[in-house]
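# Reading the structure
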Amino acid sequence: MEWDWAFVREIMPTLLDGLKITVLATVLGSVLAAVVGLAFALLRRSPNRLVSRTTAFLVEFIRGTPLLVQLYFLFYVLPGAGILLSPLTAGVIGLGVHYATYMAEVFRAGIDNTPRGQWEAAKACNLTAVQTWQHIILPQAIPPMIPALANYFVAMFKETPLLSAITVVELMSQARSIANFNYRYLEPMTLVGVLFLAISLIAVPALHLLERRFRRYR
Amino acid sequence: MTEPIIDPIINVDHVTKSYGSFTVLKDLCFSVMPGEKLALIGPSGSGKTTILRTLMTLERIDSGFVRVDGDYLFHMERNGRVVPADEAHLHRMRAKIGMVFQLFNLFPHKTVLENVTLAPMLTKGVRAAEAQRRAMELLEMVGMAGKANSMPAALSGGQKQRVAIARALALQPRIMLFDEVTSALDPELVEEVLNVMRMLGTQTDMTMLLVTHEMSFAHDFADRVLFFDRGRIVEEGPPGEIFTNPRHERTQTFLKKIIAAGQRI
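So, here's what we can say about the structure.

Calculation notes
- Residues numbered from 1 in each chain as written.
- Chains lettered and ligands numbered in written order.
- Predicted model: local features only at pLDDT ≥ 70, side-chain atom pairs only at ≥ 80, totals over all residues.
- Heavy atoms only, no water.
- Pairing = 2+ DSSP bridges.
- Helix = DSSP H or I, 4+ residues; strand = E, 2+ residues; numbered from the N terminus.
- Contact = heavy atoms within 4.5 Å.
- Axes fitted to C-alpha atoms, helices over the stretch in contact; angles between N-to-C directions.
- 1 Å grid on protein atoms, 1.4 Å probe; cavity = no way out; pocket = protein on both sides within 12 Å on 5 of 7 lines; lining within 4 Å.
- Points joined across faces, edges and corners; volume = space filled by probe spheres on them.
- Nonpolar A, V, L, I, M, F, W, Y, C, P; charged D, E, K, R; others polar.

Residues and elements named next belong to chain B. Here we have four strands laid out as an open sheet, ordered β2-β1-β4-β5, and antiparallel in their pairing. At either end of the open sheet lies a strand with only one pairing partner, and these are β2 (22-32) and β5 (71-72). Note that strand β4 (residues 63-68) and β5 share two bridges and pair antiparallel. Following the sheet pairing, V68 is matched in β5 by D71. Contacting β1 (10-19), β2 and β4, helix α1 (residues 48-55) runs over the sheet at an angle of about 65° to β2.

Moving on, we get to the layout of surface pockets. Quantified by volume, the largest pocket comes out at close to 610 Å³. Every element with two or more residues in the lining of the largest pocket is listed here: α5 (116-124) and α6 (129-159) of chain A together with α1 of chain B. When residues of the lining of the largest pocket are assigned to their parent elements, the largest contribution, four residues, is made by α5 of chain A. Size it by volume and the second largest pocket reaches roughly 350 Å³. Forming the boundary of the second largest pocket are 15 residues, of which W119, E120, K123 and T132 of chain A together with L58 of chain B lie nearest the centre. Breaking the lining of the second largest pocket down by element, the ones donating at least two residues are α5 and α6 of chain A together with α2 (87-94) of chain B. Considering every element that reaches the lining of the second largest pocket, the biggest residue donor is α5 of chain A, with five residues. Residue composition of the lining of the second largest pocket, grouped by class: seven nonpolar, two polar and six charged.

Shown next, in the form of structure tokens:
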């Protein structure tokens, strides 16, 4: 078993194509997870019992079932009900909604950490509920959450190889097809690992920088 | 000639409120005339802060009625019947009332100026330039114009509280509620806040209710003092009477303790 640099040069463009899809799925999945996660967190606080309980159940249900099973449902089962999704769309929805259930927990903790006095001051200033969320609570609650959210972004990134199971042509699936075709696993799999590591190493400090920028008032 | 009848601006009518088994307001009744300066004193847990928070709608009541400026606070009239107030009614009523808190509760992510301009811009649709002009006038008045662009974290307690007063005034309320606004301050910073309140007392006709442990300030400032104990008003009257010649035994005990703790009245 010897490392073959010529083979590396040959397969690199294909792997980088796969990496683009991996990054795209992660970015879209993260945005969806953040938005849906915030929605879950807010709906769970609804004074309407039916809304808050239903949301709580849904969140538990999604969190308690494997992402791979959810992806299979989205891509292979839903078409039976007439809902046809492209592989990438199904993958992004699967990743996004699955991680939204974890992010909802981060949002909940961040919102609960906002001192009660801030809600009271907002009321004394006669702000509406929507204005209070928009101008007082979320701008204070979100910056401290960024490290925890960033962990989930990175975790999601590392789970994107699951998308190969629903025919998304991302990094892992490209590497596997190269390996199967050439009967060489060493270079493709090593490169997959190296590329994932490289992106993770760049992403973590970048997200911390983001956190510092948002926290100008501390 | 009979004198013109002036209606009270606040009327608390048989109000009761409990937290679980603890009754914090017991069948409470009192009214406040427009422009009156009222000091609420009494031991902790006596309900004085709760009634202030109730007037700001931060607390709900279990029974009774509160009227502010002629309207029910927690109720509204619909088709001739009195029904619980909806959010729109509460929103309208809150516009008449401002509140300053013991722990300031400034918005830490906004500058001093933004703290004062935010509510007028959002709730009254005041344009940014106009809101800033008025905010600077108010900050000037409380002696904080020089810190307009600072963040609250950079201010001392006394400075924070003066900004909080300006923030409450920005909505031009008819009634101002002051909830132990000097209790969290270092002793040397108390006076700068009291000075602002003295100025408001003499220069405006706002109705002011303050919960305070500063007895000498209450003595000089208030038109009338209410002494609370265990959810009731035990005694009320002009400060000269309450402080120098309290009739009720509980008021006497309370004031003795205050004097023993070293306060001048």
